[in-house]
Amino acid sequence: MKTQLRRSLVSLCSVLLFGVAIEKPAHAFDAAAAPYYHAHRLVEIASGRKLNLYCVGTGSPVVIFDYGWGGPPTAWEYIQTAIGRLTTACTYDRAGYGFSEAGPLPRDTSALVTDLHQLLIAAHLKPPYVFVGHSLAGLNGVLFADRYLKQMAGMVLVDPAFAHQDVKFNAIPGVKEKFAAFAPDYAECVAVAKSGQLPTDAKRIQDCLDRDPHDDATAKAVKDQWDMSVAHWITLQSEDGSSNPLSSGGDVDGAELDAARRNWGDLPLIVLTSSDKHYAGFPAKQISAMSELWKSGHDELASRSTRGRNIVIPGSDHYIQLDHPDAVIQAIEQVLKMANQSRD
């Protein structure tokens, strides 16, 4: 399930938030990935918990990166270094991920955004901020802007999730049933983590560990450590359920975004949309409807600012930052330029 959930993303919420049958591009372990496999600055936030923060570069505005459901922390490896040559560029592990401590449940969008804002304050990273978020983190970026617009210099959303998309996808005939058939069994991976023993059978390895044949020994060991954490799996389940209209709590994230929605004015904003997301196993008619819905959701996000743009990146799958890192870097550079022009 780990490989499926992270790469094929087969649970209902994960499929709708992050695409279907998505494969992250394989790449060898390299120096760019190395910093993400050890802790950096463990910052105590207001609740007494510590979150792992990794910053490079200096200057303002601060660019803060947030990744999608399930990670991985290395998602920004090609981007952060480049932006760090221009200004302060920071990644962090959300509660329950990587080297950060777990947070109280539920792990809904409000909890994630509260944690991030407390982290920025505790780390003495002063506004203004440019938020860069991928997939699930699109929800976080929208709520962050709604809550803290005056602290924002701009935003780049990379193939982002958007409010109520689960409900909208479910309205396409046949989609709801197909997604429901792939609902994940979190209990299986929680049980593996509780055992304290790495699984030896192939199915459990495939289901519960994030194994990449291109990883070196360090990457493999650290990923196994993350995946053998009970708190990590509980975090994933809670993040998943918070936006799932079929969960016991319903679409909590969508309700939070509705309640906080505000006018973003002329906030520098670029949304990047993948052109080649693969919905494996779906009929062509459904794929066409799903792709159109995905783009229209991104068009609506971009329209929330008078300077918002939605750009479709040719030849890209869901992980645009790995397929075409230059496109993401250019988008951030454009937002930084607009932000600096606004301050002049």
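Preceding block: the structure.
Conventions and cut-offs
Residues numbered from 1 in each chain as written. Predicted model: local features only at pLDDT ≥ 70, side-chain atom pairs only at ≥ 80, totals over all residues. Heavy atoms only, no water. Disulfide = S-S within 2.5 Å. Helix = DSSP H or I, 4+ residues; strand = E, 2+ residues; numbered from the N terminus. Buried < 20%, exposed > 50% of the residue type's maximum accessible area, 1.4 Å probe, protein only. Expected span 1.5 Å × (residues − 1). Core = buried A, V, L, I, M, F, W, Y, C linked by side-chain atoms within 4.5 Å. Contact = heavy atoms within 4.5 Å. Pairing = 2+ DSSP bridges. Axes fitted to C-alpha atoms, helices over the stretch in contact; angles between N-to-C directions.

Chemist: Tell me what's going on with the state of the cysteines, and back it up with residues and numbers.
Modeler: A covalent bond bridging the sulfur atoms of two cysteines is what the word disulfide describes. Throughout the structure, instances matching the rule amount to 2 disulfides. Covalent S-S linkage joins Cys55 and Cys90, the inter-sulfur distance amounting to 2.0 Å. Here the disulfide of Cys55 and Cys90 is right-handed, its torsion about the S-S bond being about 110°. Pair noted here: Cys55 is in strand β2 (residues 50-56) and Cys90 is in strand β4 (residues 89-92), with a separation of 35 residues, a long-range link. For Cys55, a relative accessible area of 33% translates into the label partly exposed. Residue classification places Cys90 among the buried positions, given a relative accessible area of 0%. Residue Cys189 pairs covalently with Cys208 via a disulfide, S to S 2.1 Å. Since a negative S-S torsion denotes a left-handed disulfide, the Cys189-Cys208 link at about -85° is left-handed. Of the two residues, Cys189 sits in helix α8 (residues 186-195) while Cys208 sits in helix α9 (residues 202-208), which places them 19 residues apart along the sequence. What makes Cys208 buried here is its relative accessible area of 1%. Disulfide partners in the protein, listed by the sequence order of the bonded cysteines, are 1-2, 3-4.

Chemist: How would you summarise helix α4 (residues 109-122) if you had to cite specific residues and measurements?
Modeler: Taking 1.5 Å per residue, 14 residues should reach 20 Å; α4 reaches 20 Å between its end C-alpha atoms and fits that length. Of all 14 residues in α4, 10 are buried; the element is thus mostly enclosed. Within the sequence span of α4, burial applies to Thr109, Ser110, Ala111, Leu112, Val113, Asp115, Leu116, His117, Leu119 and Leu120. One or two steps after α4, the chain reaches His124, where phi turns positive at roughly 60°.

Chemist: Could you give me a rundown of the nonpolar core, with the residues and numbers involved?
Modeler: By size, the foremost hydrophobic cluster in this structure holds 86 residues, and its most contacted members are Phe65, Val132, Met155, Phe169 and Ile332. For this core, the element with the highest residue contribution is helix α15 (residues 325-343), accounting for 9 residues. If we ignore the near neighbours within four places in the chain, the residues touching Phe65 are Trp76, Ile79, Gln80, Ile83, Ala89, Cys90, Thr91, Tyr92, Val132 and Ile332. Grouped together as the second largest cluster of nonpolar side chains are 5 residues, Ala33, Ala219, Val222 and Trp226 included.

Chemist: Describe in detail the sheet that holds strand β8 (residues 308-313), supporting the description with residues and values.
Modeler: Consider a sheet: its strands pair through backbone hydrogen bonds, and that pairing is either parallel or antiparallel. If you trace the 8 strands from one edge of the open sheet to the other, you get β1-β2-β4-β3-β5-β6-β7-β8, paired in mixed fashion. With one partner strand each, in any of the chains shown, β1 (41-44) and β8 form the two edges of the open sheet. Between one strand axis and the next, the sheet turns by 25° as a mean value, whatever way the strands run. Looking at chain direction, strand β3 (residues 62-66) and β4 are connected through 3 bridges and run parallel. Residue pairing for β4: Phe65 is matched across the bridge by Thr91. Sheet contacts for helix α3 (residues 77-84): β2, β3 and β4; angle to β4, the most-contacted strand, approximately 150°. Of the strands in this sheet, β3, β5 (129-134) and β6 (152-158) touch helix α5 (residues 137-148), which is tilted by about 160° from β6.

Remember, this is a structural readout, not a statement about activity or role.
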